[in-house]
Protein chains: 2
Amino acid sequence: MELDQIDIRILRQLQADADIATNRLADMVGLSPSACLRRVTKLRRDGVIARTVAIIDPALVGRPLTAVITLEFALHGPSHRQEFIEKVRKLSAVRQCFMVTGEVSCVLTLHMRDMDEYLALTDELFNSDPNVEWFRTYISVQTVKDDPGVAF
Amino acid sequence: MELDQIDIRILRQLQADADIATNRLADMVGLSPSACLRRVTKLRRDGVIARTVAIIDPALVGRPLTAVITLEFALHGPSHRQEFIEKVRKLSAVRQCFMVTGEVSCVLTLHMRDMDEYLALTDELFNSDPNVEWFRTYISVQTVKDDPGVAF
DNA sequence: TATGAAATATTTCGTTC
DNA sequence: GAACGAAATATTTCATA
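Residues numbered from 1 in each chain as written. Chains lettered and ligands numbered in written order. Predicted model: local features only at pLDDT ≥ 70, side-chain atom pairs only at ≥ 80, totals over all residues. Heavy atoms only, no water.

### Topic: the UniProt feature "domain: HTH asnC-type" (unreviewed entry) in chain A
Part 1 of the reasoning: Here the UniProt-annotated "domain: HTH asnC-type" (unreviewed entry) positions come out as residues 3–64 of chain A.
Part 2 of the reasoning: The span residues 3–64 of chain A carries 53% helix and 13% strand; its end-to-end C-alpha distance comes to 38 Å. (UniProt positions renumbered as here; feature names shortened; annotations may be inferred. Helix = DSSP H or I, 4+ residues; strand = E, 2+ residues; numbered from the N terminus.)

Written as structure tokens, this is what we have:
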């Protein structure tokens, strides 16, 4: 599944704004509407476009508190993390979770209602998990940039 | 701009999948298509739905390397960060950038092509910026969760 | 001011060239 | 790719509550 320059232009546009009408998109990339739509359909089918979603303003839906948390596991290896991973996947306040190399094991980003929710979440995720050795919290005071996905 | 339970249901659905037909969305939230569409239009106009975007698979567009970077500034205060912020905003490999409280000043997430791009980026962003005292890199080895925005 | 049904306009899809 | 009609979908209008 090779992407040519037209595919790239389509993806860049849809990543910025997926609401655009097919006719306008076709104009922008220099294709007929039907040809353009066929490309988009194929990009979806191939999984390059995983899905399209509405981007919601966190502050306007009552999640004004953004935090980054890093943590270290006591025991390493995937089997000891399974339960933690399940919990992370279920909690809607957790937006991202990456297992990483370096002096921490895991990095999370969260969007929360308030400090009460923060306390409840850290208690559930970290304090009550014997495999979480320690965690550090970084509270966001300014969102300089927050794009929904990869750019390329 | 108060959100009632129907608004919440609409937002949850569109955040998970904005491709859904208006009729189906209307069914799901218990509204007629026209009433439902009017709600969606209003949510857009009020900025609750900021925009809708296509989610692209990083690996399939040649950005398989995900990293989290934390850093400390030498001089604090917004004026010393302006240049850094401009650069961050321009670089498409930088997905997120938060200014934070705690033992680091700033947290970034990046999606990159390869280690060469990583080296070039860190050189441009950190090594050549006298106000960046130090930075630490965490390379992602597993993406446990990566949602495009807030959940609620 | 919010709703739903119906009318209208637009977009998408399958087929053919 | 382009062109067309058929089907699906989106948007507007309007009467009603």
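There is more to say after this.
### Quick notes on helix 2 (residues 22–29) of chain A
Since the α-helix packs 3.6 residues into each turn, any two residues three or four apart lie on the same face.
Residue and element names in this part refer to chain A.
Part 1 of the reasoning: If you check which residues of helix 2 are buried, you get L25, A26 and V29. One side of helix 2 holds all its buried residues, which, seen down the axis, span an arc of 100 degrees. Exposed and oriented more than 90 degrees from the buried face of helix 2 are N23, R24 and D27.
Part 2 of the reasoning: Where helix 2 is buried, its residues contact helix 1 (5–16) and helix 3 (33–45).
Part 3 of the reasoning: Trailing helix 2 by a residue or two, G30 shows a phi angle of about 80 degrees, which is positive. (Buried < 20%, exposed > 50% of the residue type's maximum accessible area, 1.4 Å probe, protein only. Arc of directions from axis to C-beta. Contact = heavy atoms within 4.5 Å.)

### As for the pattern of salt bridges
Part 1 of the reasoning: Here the structure, examined in full by the defined rule, presents 16 salt bridges over all chains.
Part 2 of the reasoning: In this structure, the salt-bridge partner of A:R44 is B:D19, at a minimum N-O distance of 2.9 Å. With A:R44 in helix 3 and B:D19 in the loop between helix 1 (5–16) and helix 2 (22–29), this residue pair bridges two chains.
Part 3 of the reasoning: A:R44 sits in the partly exposed class, given a relative accessible area of 33%.
Part 4 of the reasoning: Two residues, A:E103 and B:R136, come together in a salt bridge whose shortest N-O distance is 3.0 Å. Here A:E103, found in the loop between strand 3 (94–100) and strand 4 (106–112), pairs with B:R136, found in strand 5 (residues 132–146), and the two come from separate chains.
Part 5 of the reasoning: In this structure B:R136 comes out as partly exposed when scored by relative accessible area, which is 34%.
Part 6 of the reasoning: Each member of the salt-bridge network shares a partner with another, and the members are A:D4, A:D7 and A:R39. (Salt bridge = Lys/Arg side-chain N within 4 Å of Asp/Glu carboxyl O.)

### Some thoughts on the protein's contact with DNA strand C
Part 1 of the reasoning: Every residue lining DNA strand C is accounted for by A:T22, A:N23, A:L37, B:S32, B:S34, B:A35, B:R38 and B:R39.
Part 2 of the reasoning: By atom count, sugar and phosphate contribute 62% of the portion of DNA strand C lying within 4 Å of the protein.
Part 3 of the reasoning: At a separation of 3.0 Å, a base nitrogen of DNA strand C approaches a polar side-chain atom of B:S34.
Part 4 of the reasoning: Here a base oxygen of DNA strand C and a side-chain polar atom of B:R38 are 3.5 Å apart.
Part 5 of the reasoning: Examining the composition of the surface near DNA strand C, we find that four residues originate from one element, helix 3 (residues 33–45) of chain B, more than from any other.
Part 6 of the reasoning: Each residue belonging to the surface near DNA strand C can be placed in one class, and the counts come to two nonpolar, four polar and two charged. (Near = heavy atom within 4 Å. Polar contact = N/O pair within 3.5 Å; in protein donor to acceptor, adjacent residues only side chain to side chain. Nonpolar A, V, L, I, M, F, W, Y, C, P; charged D, E, K, R; others polar.)

### A look at the packing of helix 4 (residues 82–90) of chain B against helix 5 (residues 115–127) of chain B
Residues and elements named next belong to chain B.
Part 1 of the reasoning: Helix 5 packs onto helix 4 with a crossing angle of 155 degrees between their chain directions and a minimal axis gap of 10 Å. Comparing the axis directions of helix 4 and helix 5 gives the class roughly antiparallel. From helix 4, F84, K87 and V88 reach across to helix 5, where they touch E124, L125 and F126.
Part 2 of the reasoning: Grouping the amino acids of the contact of helix 4 with helix 5 by side-chain chemistry returns four nonpolar, no polar and two charged. (Axes fitted to C-alpha atoms, helices over the stretch in contact; angles between N-to-C directions. Parallel < 35°, antiparallel > 145°, perpendicular 65-115°, else oblique.)

### A few points about the interface of chain B and chain A
When the parts of a complex come together, some accessible area is lost, and that lost area is often used as the size of the interface.
Part 1 of the reasoning: Listed by partner, the interface residues are 63 residues for chain B and 63 residues for chain A.
Part 2 of the reasoning: Around 6,100 Å² of area is buried between chain B and chain A when both sides are counted, 58% of it from carbon and sulfur atoms.
Part 3 of the reasoning: Across the chain B-chain A interface, the total number found is four salt bridges.
Part 4 of the reasoning: Taken together, chain B and chain A are joined by 48 residue pairs in polar contact (both at pLDDT 80 or more). (Buried area = accessible area lost by both parts, 1.4 Å probe.)

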